[in-house]
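Residues per chain, in single letters:
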Number of protein chains: 2
Amino acid sequence: MIYLLTLFLDNKVDILYCETTMGTRRLLLISNSTLHGSGYLEHCQDNIKSFLGSDVNRVLFIPYALTDRDGYAAIARKKFESLGYKVDSIHEQPNAVDAVNNAQAIFVGGGNTFRLLKTLYDQQIVSVIKKRVLEDGVPYIGSSAGTNVATKTINTTNDMPIVYPPTFDAIGLVPFNINPHYIDADANSKHMGETREKRIQEFHEEEICSTVLALREGCMLLVEDNKATLQGVTKARLFIKGQSPTEHDPGADLSHLLK
Amino acid sequence: MIYLLTLFLDNKVDILYCETTMGTRRLLLISNSTLHGSGYLEHCQDNIKSFLGSDVNRVLFIPYALTDRDGYAAIARKKFESLGYKVDSIHEQPNAVDAVNNAQAIFVGGGNTFRLLKTLYDQQIVSVIKKRVLEDGVPYIGSSAGTNVATKTINTTNDMPIVYPPTFDAIGLVPFNINPHYIDADANSKHMGETREKRIQEFHEEEICSTVLALREGCMLLVEDNKATLQGVTKARLFIKGQSPTEHDPGADLSHLLK
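Residues numbered from 1 in each chain as written. Chains lettered and ligands numbered in written order. Predicted model: local features only at pLDDT ≥ 70, side-chain atom pairs only at ≥ 80, totals over all residues. Heavy atoms only, no water.

Visitor: Please provide a residue-by-residue account of the overall build of chain A, values included.
Guide: When its secondary structure is counted, chain A shows 9 helices and 11 strands. Taken over C-alpha atoms, the radius of gyration comes to 18 Å for chain A, in line with the 18 Å a tight globule of 259 residues would show. For chain A, the share of sequence-separated contacts (at least 6 apart) that also reach a separation of at least 24 residues comes to 68%. For chain A, the exposed surface amounts to about 11,400 Å²; the carbon and sulfur share of it is 51%. Treating the 26 positive side-chain charges of chain A as one cloud and the 31 negative ones as another, the clouds have centres 1 Å apart. (Helix = DSSP H or I, 4+ residues; strand = E, 2+ residues; numbered from the N terminus. Rg over C-alpha atoms; globule rule 2.2 N^0.38 Å. Contact = heavy atoms within 4.5 Å. Areas by Shrake-Rupley, 256 points an atom, 1.4 Å probe, with all protein chains shown as cover. Lys, Arg positive; Asp, Glu negative; His and termini not counted. Charge placed at Lys NZ, Arg CZ, Asp CG, Glu CD.)

Right under this line is the structure:
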């Protein structure tokens, strides 16, 4: 706010430039919070730091995907503080809507996607987050369930439907679906449950569906306005209805998915 | 109907006995349609035949969990005909409600549980199936998704939520939940998605939840009125909120779950 005021006193051109910058959609959608063999958010900590940069001082954490919100906030706080950011957990704030409206940056943690989405609706912050991110340019980081709810719908979550949300429509920060924790079929498995690929194909059998970007563990999607880039160390698999799935390396430009 | 009329002409005691028999809840809830290395319903075909017996001639098949209903009906028909039963698929009938009302026995096949439950509601046959099974004693066989929808809710399905049903409440033929295709955690896995046990524990973290009977592949539950017995070749794992999970062998009496 002070920054804006300073610019206002400076000159008008700068204000307009600043407003454009502030309105840029900025997302970091991470497949998984913890990669096998490393600590919480360790595999993506450089990406987070690069994404948030030095303009952000405080991150609003949304721990609704787990029931132990205090414990979860402590874990997130420890990690983000090690990267130089203070954490305010939304459950510690007097008013969730105000907390989102005042946030410099938002991080939505993983856990159960159904519980998370239902709570976002219960707290009436789905549209508030959407406005803050798409109109005000507040950076959004999601991990696992926090990535699911950032997309068009939660139709491609892997989670168990332990509670009934009022809709599967999610925040809609991107116009497609993501499947986090994507896992390839194990040819040696004797288990007869559907493979992940089969499940996504079943989603595409339905009339109402959308493109699914499947992020393997270790993979994430960086969105800067209308540019989408794969980051991380693993490939993503893209499912477009009626087409064969395609593989995409880290660094790949997937901006066409944003149209 | 003729059978009842004959009895009526015979004597009143027989009618009452017959009505009691007809009203007996009879369920065969199978974990999985296909066991690794064997054919469709092959691992449970003896259980099916013993369950349906010789009084049943025709089985009403409900293929709503898959989109290719014709293909699915052909597979089910081939199998059931090999066991001596004719199959009418509900999607070939002019009226779904009439089909359920006229059914001698019902078999609900596996596939996607969300699609199945939504279609059961769309076709307005949830309460009709419930009445037929609980009041009229029509035998019900469910496999995988067909087992999920027979229970209290679909909160413990493993399936992807590809469509949004009007509720997660299911037919309610038993007062608990089942998790089919139950799989133990793989200690060697490097995948960081939640284990099945963790997912069921998350369900039990919620205020509204119920006991979960986890049926490993190869396992099934036979319910005859108020008696519930495990069948098959694998153990089941029972999750009661606030208690440690317990293991149960084939042949175990789980009738207490029906109370």
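Visitor: Describe the relation of the copies chain B and chain A, with residues and values.
Guide: For the pair chain B and chain A, the superposition axis carries a translation of 0.0 Å, the fit reaches an RMSD of 0.0 Å, and the rotation angle comes to 180 degrees. Considering both components of the superposition, the chain copies are consistent with a two-fold axis. When the interface residues of chain B are mapped onto chain A, 100% of them again lie at the interface, so the same face is used by both copies. (Least-squares fit on C-alpha atoms with pLDDT ≥ 70 in both.)

Visitor: Tell me about the interface of chain B and chain A, and please be specific about residues and values.
Guide: Residue-level contacts link 41 residues of chain B with 41 residues of chain A. Across the chain B/chain A interface, buried area totals approximately 3,500 Å², and carbon plus sulfur atoms make up 56% of it. When residues of chain B are sorted by the area they lose upon contact with chain A, Met160(B), Tyr164(B) and Met192(B) head the list and together hold 20% of the total. Applying the counting criterion to the chain B and chain A interface returns 4 salt bridges. A salt bridge links Glu205(B) to Arg115(A), with the nearest nitrogen and oxygen atoms 2.7 Å apart. Where chain B touches chain A, the interface holds 21 residue pairs in polar contact (both at pLDDT 80 or more). Elements with a contribution of two residues or more to the side of chain B that touches chain A: helix H6 (113-122), strand E6 (177-182) and helix H9 (196-205) of chain B. Take the side of chain B that touches chain A: its biggest share by element is 6 residues, from H9(B). Across the side of chain B that touches chain A, the residue classes tally to 16 nonpolar, 15 polar and 10 charged. (Buried area = accessible area lost by both parts, 1.4 Å probe. Salt bridge = Lys/Arg side-chain N within 4 Å of Asp/Glu carboxyl O. Polar contact = N/O pair within 3.5 Å; in protein donor to acceptor, adjacent residues only side chain to side chain. Nonpolar A, V, L, I, M, F, W, Y, C, P; charged D, E, K, R; others polar.)

Visitor: An account of the layout of surface pockets is requested, with residue identities and associated values reported.
Guide: Taken as a whole, the largest pocket encloses approximately 1,400 Å³ of empty space. Lining the largest pocket are 46 residues; nearest its centre among them are Ile183(A), His191(A), Arg196(A), Ile183(B) and His191(B). (1 Å grid on protein atoms, 1.4 Å probe; cavity = no way out; pocket = protein on both sides within 12 Å on 5 of 7 lines; lining within 4 Å. Points joined across faces, edges and corners; volume = space filled by probe spheres on them.)

Visitor: Before we move on, can you summarise helix H6 (residues 113-122) of chain A with the specific residues and values?
Guide: The buried count for H6(A) comes to 7 of 10 residues, which makes it a mostly enclosed element. Of the residues making up H6(A), those classed as buried are Thr113(A), Phe114(A), Arg115(A), Leu116(A), Leu117(A), Thr119(A) and Leu120(A). Among the structural elements, strand E2 (58-62), helix H4 (69-82), strand E4 (106-108), helix H7 (126-134) and helix H8 (145-148) of chain A together with H9 of chain B are those in contact with the buried residues of H6(A). For H6(A), the side-chain oxygen to backbone nitrogen distance between the N-cap and Phe114(A) is 2.9 Å, and the N-cap itself is Asn112(A). At the C-terminal side of H6(A), Gln124(A) shows a positive phi close to 55 degrees. (Buried < 20%, exposed > 50% of the residue type's maximum accessible area, 1.4 Å probe, protein only.)

Visitor: Tell me what's going on with the pairing of E2(A), and back it up with residues and numbers.
Guide: Residues and elements named next belong to chain A. Counted residue by residue, E2 has 4 buried out of 5 residues, so it is predominantly covered. In this sheet, strand E3 (residues 86-89) lies alongside E2 in parallel orientation, the contact comprising 4 bridges. Across the sheet, the residue bridging to Val59 is Val87, located in E3. At this point the chain moves from E2, through H4, to the parallel E3, and the crossover so formed is right-handed. (Pairing = 2+ DSSP bridges. Right-handed = clockwise from strand over helix to strand, strands pointing away.)

Visitor: So what about empty space enclosed by the protein? Which residues, and what values?
Guide: Residues and elements named next belong to chain A. Applying the stated criterion across every chain yields a total of 1 cavity of 30 Å³ or more. As a volume, the largest cavity reaches approximately 60 Å³. Of all the secondary structure elements, the ones that give two or more residues to the lining of the largest cavity are H8 and strand E6 (177-182). Taken together, the residues that form the lining of the largest cavity break down as 2 nonpolar, 7 polar and 4 charged.

Visitor: Which residues make up the packing of aromatic side chains, and what are the values?
Guide: Tallying each qualifying case throughout the model produces 16 aromatic pairs over all chains. Measuring from centroid to centroid gives 6.3 Å for Phe114(A) and Phe168(B), while their planes differ by 75 degrees, and the two rings are edge-to-face. Linking Phe114(A) in helix H6 with Phe168(B) in the loop between helix H8 (145-148) and E6, this pair reaches from one chain into another. For Phe114(A), a relative accessible area of 0% gives the class buried. Since its relative accessible area comes to 3%, Phe168(B) is described here as buried. Members of the aromatic cluster, each reached through a chain of ring pairs, are Phe114(A), Tyr164(A), Phe168(A), Phe114(B), Tyr164(B) and Phe168(B). Across from the ring centre of Phe51(A), 4.4 Å away, lies the NZ or CZ of Arg26(A), which sits over that ring. (Phe/Tyr/Trp six-rings, centres within 6.5 Å; stacked < 30°, edge-to-face > 60°. Lys NZ or Arg CZ within 6 Å of the ring centre and 35° of its normal.)

Visitor: Report on the side chain of Ser31(A), specifying residues and quantitative values.
Guide: All names here are of chain A. Inspection of the secondary structure puts Ser31 in the loop between strand E1 (26-30) and helix H3 (45-52). Separated by 2.8 Å, the side chain of Ser31 and the backbone nitrogen of His181 make a polar contact. Within polar-contact distance, the side chain of Ser31 engages the backbone oxygen of Leu215 at 2.9 Å.

Visitor: Break down the pattern of salt bridges for me, with residues and values.
Guide: In total, this model carries 30 salt bridges over all chains according to the counting rule given. For Glu194(A), the salt bridge is made with Arg199(A), and the minimal N-O distance between the two is 3.8 Å. On the basis of relative accessible area, Glu194(A) is assigned to the partly exposed category, the value being 23%. For Arg199(A), a relative accessible area of 14% corresponds to the buried category. Taking the shortest distance from any N to any O, the salt bridge between Lys227(B) and Asp253(B) comes out at 3.5 Å. Here the residue Lys227(B) occupies a position in strand E9 (residues 227-232), and Asp253(B) occupies one in the segment after strand E11 (246-248), the gap between them amounting to 26 residues. Among the residues examined, Asp253(B) registers a relative accessible area of 43% and is labelled partly exposed. The network of salt bridges with shared partners includes Asp184(A), Glu197(A), Arg216(A), Arg237(A) and Glu247(A).

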